[in-house]
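# Commentary on secondary and tertiary structure
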Amino acid sequence: MNANFDSLMKVHGGDAKKAEAAFREIADKGGYGAVGTGEGQIHPLTAAGLDLVGVLDPNNPAISSKDKDRIAELAGVNRKDAENYVGESSASKMKKSIQ
Amino acid sequence: MAGSATSWKTNAIALNAGQLWGSLAIPGAAARVTLFSDGTPDATANPTAFHYGATKAGSKVSIKSQQTKFYVDEFRGPIVTNIDQIDMSLAGEVVGVTDMDLVTALLPGVGTYATTASSFKEVRIGIKAITYQSFALIFPLIEDVTKYGIVNIYSGLNDAGVEFTVSRKELGFTPFSIIGYEITTRAVTDTLGNYWKQIA
């Protein structure tokens, strides 16, 4: 339920161009903001990535069902997994800083 | 004729310790940071979530606009205003000054975590690319401690650096000031961050 460059590389067979294009399209369709290296944009290599749960939530009115389908397809996740999402705690799984 | 209903809001107060998290995933349109039931960021949606640890005296939330008032000669009061600046920030003091991951996270564009051996941890200081992070201050609500209030800055940086005292008589701590930067390519009503609470 997260899309970042590394996860998209795995989904798109290690093709960096396809992974970056997928990241851009997910960011655009999901209303995250534009991807780029300039000010006011989301860096394409941000390890933290994009949170997909809220965007794929069936109750999210801002994203069309068609776009949710496309985002799920690009990210390699199942839309149904966002319904009644439970998830897991970060308390015992905290990762090191991305800096 | 009848009086108006009162609303003292004594349950809607902030009186619990919060948790400051960084390196979170950015939520999309009409979405919010995904939380687990224990109030931590969901680890699947936020695989790099980083806990900034204990603070000396909590965190201060600031969401402010700067309004410019305009006047005309014929009237003495302002006749119109314009919002020409918005600021959103989280500030406080963290105590984990010997945690090198934390120190690195507090030094965007300056600190590089550079441990290459198992015998030490090191932050090298110099210039590097600035990395923005999504931050969230998460705190249990007084009205229902199983629910949380969340202040989320979508893209921010600490601009307070690292500054602490090493002393026998004083707890070492370093101030932080997380400044929000607009993701200008988002919807105009939702570029800096959000403040929300769970109700169900």
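Each residue is numbered by its place in its chain's sequence as written, counting from 1. Key to labels: chains lettered from A, ligands numbered from 1, both in the order written. Per-residue local features are limited, in this predicted model, to residues with pLDDT of at least 70; the limit for side-chain atom pairs, both in listing and counting, is 80 or more; totals at the level of whole chains, interfaces and linings are taken over all residues.

## Points about the overall build of chain A
Counting secondary structure elements, chain A contains 4 helices and 2 strands. For a compact globule the rule gives 2.2 Å times the number of residues to the power 0.38, and the radius of gyration it is set against comes from C-alpha atoms. Its C-alpha radius of gyration of 14 Å places chain A within 12% of the 13 Å reference for a compact globule of 99 residues. On the principal axes, the C-alpha backbone points of chain A span a range of 35 × 30 × 30 Å. Considering chain A as a whole, with its 99 residues, one finds that 40% of them fall into the buried category. Considering only residue pairs separated by 6 or more positions, chain A has 51% of its internal contacts joining residues 24 or more positions apart. By the criteria applied, helices consist of DSSP H or I runs no shorter than four residues and strands consist of E runs no shorter than two, each listed in order from the N terminus. Residues with at least 20 neighbouring C-beta atoms inside 10 Å of their own are called buried, those with 12 or fewer are called exposed, and the rest are partly exposed, where every C-beta is derived from the backbone. By definition, residues are in contact whenever their C-beta atoms, placed on the basis of the backbone, come within 7 Å of each other.

## Side note on the overall build of chain B
When its secondary structure is counted, chain B shows 1 helix and 11 strands. Helices and strands in chain B line up, N terminus first, as β-β-β-β-β-α-β-β-β-β-β-β. In terms of overall dimensions, chain B has a C-alpha envelope of 75 × 45 × 40 Å along the principal axes. Sorting the 200 residues of chain B into buried and exposed places 38% on the buried side. Across chain B, every contact between residues at least 6 apart in sequence was considered, and the portion connecting residues at least 24 apart equals 59%.

## Digging into the interface of chain B and chain A
In this complex, chain B contributes 41 residues to the contact, which on the side of chain A involves 36 residues. At the level of secondary structure, the elements contributing two or more residues to the side of chain B that touches chain A comprise strand E1 (19-24), strand E2 (26-27), strand E3 (50-51), helix H1 (100-105), strand E6 (111-113) and strand E8 (133-140) of chain B. With 3 residues, H1 of chain B is the largest single contributor of residues to the side of chain B that touches chain A. Of the residues belonging to the side of chain B that touches chain A, the class tally is 20 nonpolar, 15 polar and 6 charged. The pairing criterion for strands is at least two bridges between them, as found by DSSP. Examined bridge by bridge, strand E2 (residues 50-51) of chain A and E2 of chain B share 2 bridges and lie parallel to one another. If you follow Leu 50 of chain A over to E2 of chain B, its bridge partner there is Ile 26 of chain B. Under this grouping Gly is polar, as are all residues other than the nonpolar Ala, Val, Leu, Ile, Met, Phe, Trp, Tyr, Cys and Pro and the charged Asp, Glu, Lys and Arg.

## Some points on the sheet that holds E2 of chain A
Taken together, 3 strands build an open sheet; the order of strands is E1(A)-E2(A)-E2(B) and the sheet is mixed. Each of the sheet's edge strands pairs with one partner strand only, and the pair in question is strand E1 (2-3) of chain A together with E2 of chain B.

## Let's talk about the packing of helix H2 (residues 16-29) of chain A against helix H4 (residues 65-75) of chain A
Residues and elements named next belong to chain A. The interhelical angle for the contact between H2 and H4, taken along N-to-C directions, is 155°, at an axis separation of 10 Å. Considered as vectors, H2 and H4 are oriented roughly antiparallel to each other. Two packed elements cross with a definite hand, and for H2 against H4 that hand is left-handed. Packed against H2, whose contacting residues are Ala 22, Glu 25, Ile 26 and Lys 29, the element H4 presents Asp 67, Arg 70, Ile 71, Leu 74 and Ala 75 at the interface. In terms of residue class, the contact of H2 with H4 is made up of 5 nonpolar, no polar and 4 charged. Angles shown run from 0 to 180 degrees and are taken between the N-to-C directions of axes, each axis being a line fitted to C-alpha atoms and, for helices, limited to the stretch in contact. Here the angle decides the label: under 35 degrees means roughly parallel, over 145 means roughly antiparallel, 65 to 115 means roughly perpendicular, and every other value means oblique. The hand of a helix crossing depends on one turn: near helix anticlockwise from the far one by less than a right angle means left-handed, and clockwise means right-handed.

## Examining H4 of chain A
All names here are of chain A. The set of residues buried in H4 consists of Lys 68, Ile 71, Ala 72, Leu 74 and Ala 75. Viewed along the axis of H4, the buried residues span an arc of 165°, placing them on a single side of the element. Opposite the buried face of H4, at more than 90 degrees from it, the exposed residues are Ser 65 and Lys 66. Buried residues belonging to H4 abut E1, helix H1 (5-11), H2 and helix H3 (53-56). One or two positions beyond H4, positive phi appears at Gly 76, with a value near 70°. This arc describes the spread of directions from the helix axis toward the C-beta atoms.

## Re unusual backbone geometry
Residues and elements named next belong to chain A. Although it is not a glycine, Asn 84 adopts a positive phi angle of roughly 50°. By the element assignment, Asn 84 lies in the segment after H4. Judged by the 8 C-beta atoms lying within 10 Å of it, Asn 84 falls in the exposed class.

None of the figures reported here should be taken as evidence of function without further support.
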